[in-house]
Amino acid sequence: MKWLRYTQAGRTGYGILEDDRIVAVRGDPFQGYEKTGDIVRLADVRVEVPVIPPTFYCVGLNYVTHIGTEGLKIPTQPDVGYRANNALVAHGQDVIMPADAGKVHYEGELVVVIGKKAHNVSEAQARECVLGYTIGNDVSERVWQASDRTFWRAKNSDTFKPMGPWIETAADVDAMETVVSVNGEESTRFRTNDMLFGIDRFISTMSRYLTLYPGDILWMGTDGHSPDLRDGDVVDISITGLGTLTNRFVRGN
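Residues numbered from 1 in each chain as written. Predicted model: local features only at pLDDT ≥ 70, side-chain atom pairs only at ≥ 80, totals over all residues. Heavy atoms only, no water.

## Quick look at the UniProt feature "domain: Rv2993c-like N-terminal" (unreviewed entry) in the chain
To keep it simple, the criterion reads: UniProt positions are given in the numbering used here, feature names are shortened, and annotations may be inferred rather than shown by experiment. A run of H or I in DSSP counts as a helix once it spans at least four residues, and a run of E counts as a strand once it spans at least two, with each numbered from the N terminus.
Summarizing the sequence annotation, UniProt attributes the feature "domain: Rv2993c-like N-terminal" (unreviewed entry) to residues 1–48 in the numbering used throughout. Split by type, residues 1–48 is 0% helix and 73% strand. Its first and last C-alpha atoms lie 17 Å apart.

If you want it as C-alpha cells, here you go:
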C-alpha cells in the first residue's frame, strides 16, 4: 500500500495511491482511517512530504564505501543523530542552496517510518514497529560540515531534506537497489541493504534508551560519493519498490 500525503483545494491529508489515482481517507495511517469514497487524480494534487515526524532521526556512517570516500573511521556500534523538520521538502520541490554555500552534495537514503510505539524491543520485534519506507535526500554542505560542531547549517538548512514521494508499506528491503542520477546521468548505485548496521539493529538499540512513536522517521545513511552540485542540477533518487524522489537544486540569494 502506498500512503500519499497531498494538498487539494486547500486541504492537506492522506490518501491511498493506486496507479495514478488517490483514494481519499479520513484519518491517517498512524491513528486509523476510513475511506471516504472520493477519488482524485495524482496529476491534480500537490504532493507533500509523506509525514511530518514527531522526531527526525538519522544514521551516520552506515555504508563502508561512503565512509572510505569521506576519509573517516568505520564505527564499531550504531550511532544516531537528529535532523530538523524545517529542512523537509517534498518530491518536486526545489532545494535552495544558500548563496555562501560551497560544496553541496546529495545523499540518497532509505527512510524508515515508524508505525507503532516501540520501547525496549528486540531485533526480532523491530519490524513490527515499522509502517513502511520512503526515500530521503540528506543534502550536505561539506565545508560547513567540517566546521560546524552540530551540523546545524550543513545538514539542517531550509530545504536540505527532500523526502518522498510516498510511504510504501509492502517493500522487500533485501531486494532494494538505490540509484542516484544527476541531470539524467547515473552517478551512484548501491545495494540498499548493504548496511554496516541494519534496520533491526538500529531500532532495537535506540529503543533501549528512548521511545519511538508513530510517525518518527529514521534515515539509514548512504553509500558512494556525490559530485559538487550546481545551480539548476536535478537529482533523482530511485529505490526499488519505492519510486523516485526528484528535486532541482537552485542557488539562493
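Further notes follow.
## Comments concerning the pairing of strand β15 (residues 177–182)
Using the following cut-off: Residue burial is assigned from relative accessible area. The probe radius is 1.4 Å, only protein chains are included, and a residue is buried under 20% of its type maximum, exposed over 50%, and partly exposed in between. Here the rule is simple: two strands pair whenever DSSP picks up at least two bridges between them.
Along β15, five of the six residues are buried, which leaves the element largely enclosed by surrounding structure. As defined by bridge partners, β15 adjoins strand β16 (residues 185–191) across six bridges and the pair is classed as antiparallel. Along β16, the bridge assignment pairs valine 179 with arginine 189. Hairpin geometry of β15 and β16 is characterised by an intervening segment of two residues between the two adjacent antiparallel strands and by a positive phi of about 55° at asparagine 183. By the bridge criterion, five bridges tie β15 to strand β18 (residues 234–239) in an arrangement that is antiparallel. Bridge pairing in β18 links valine 182 to valine 235.

## Quick look at the side chain of aspartate 148
The condition that has to hold: Under the rule applied, a polar contact is a pair of N or O atoms within 3.5 Å (in protein, one hydrogen donor and one hydrogen acceptor; residues adjacent in sequence only if both atoms are side-chain atoms). The contact criterion used throughout is that any non-hydrogen atoms of two residues lie within 4.5 Å.
Here aspartate 148 is to be found in the loop between α2 (142–147) and β14 (161–168). Of note is the side chain of aspartate 148, whose polar atom sits 2.8 Å from the side chain of arginine 153. In this structure aspartate 148 touches Arg153 and Ala154, once residues within four positions along its chain are discounted.

## Describing the domain arrangement of the chain
Heads up, the condition is: What fixes the domain bounds is an automatic or database domain assignment. Accessible-area loss on putting two parts together, using a 1.4 Å probe and summing over both, is the definition of buried area adopted here. Only one rule defines a salt bridge in this text: a Lys or Arg side-chain nitrogen within 4 Å of an Asp or Glu carboxyl oxygen.
Its domain assignment divides the chain into domain 1 (1–46) and domain 2 (49–251). A straight line from the C-alpha centre of domain 1 to that of domain 2 covers 24 Å. The interface of domain 1 with domain 2 comprises 11 residues on the first partner and 17 residues on the second. The three residues of domain 1 that bury the most area against domain 2 are Trp3, Arg5 and Phe30, which together make up 47% of that side's buried surface. Taken together, the connections running from domain 1 to domain 2 amount to one salt bridge. A salt bridge links lysine 2 to glutamate 168; its shortest N-O distance comes to 3.1 Å. Seen at the junction of domain 1 and domain 2, the total is six residue pairs in polar contact (both at pLDDT 80 or more). Ranked by the residues each element gives to the side of domain 1 that touches domain 2, the list is headed by strand β1 (residues 2–8), at four residues.

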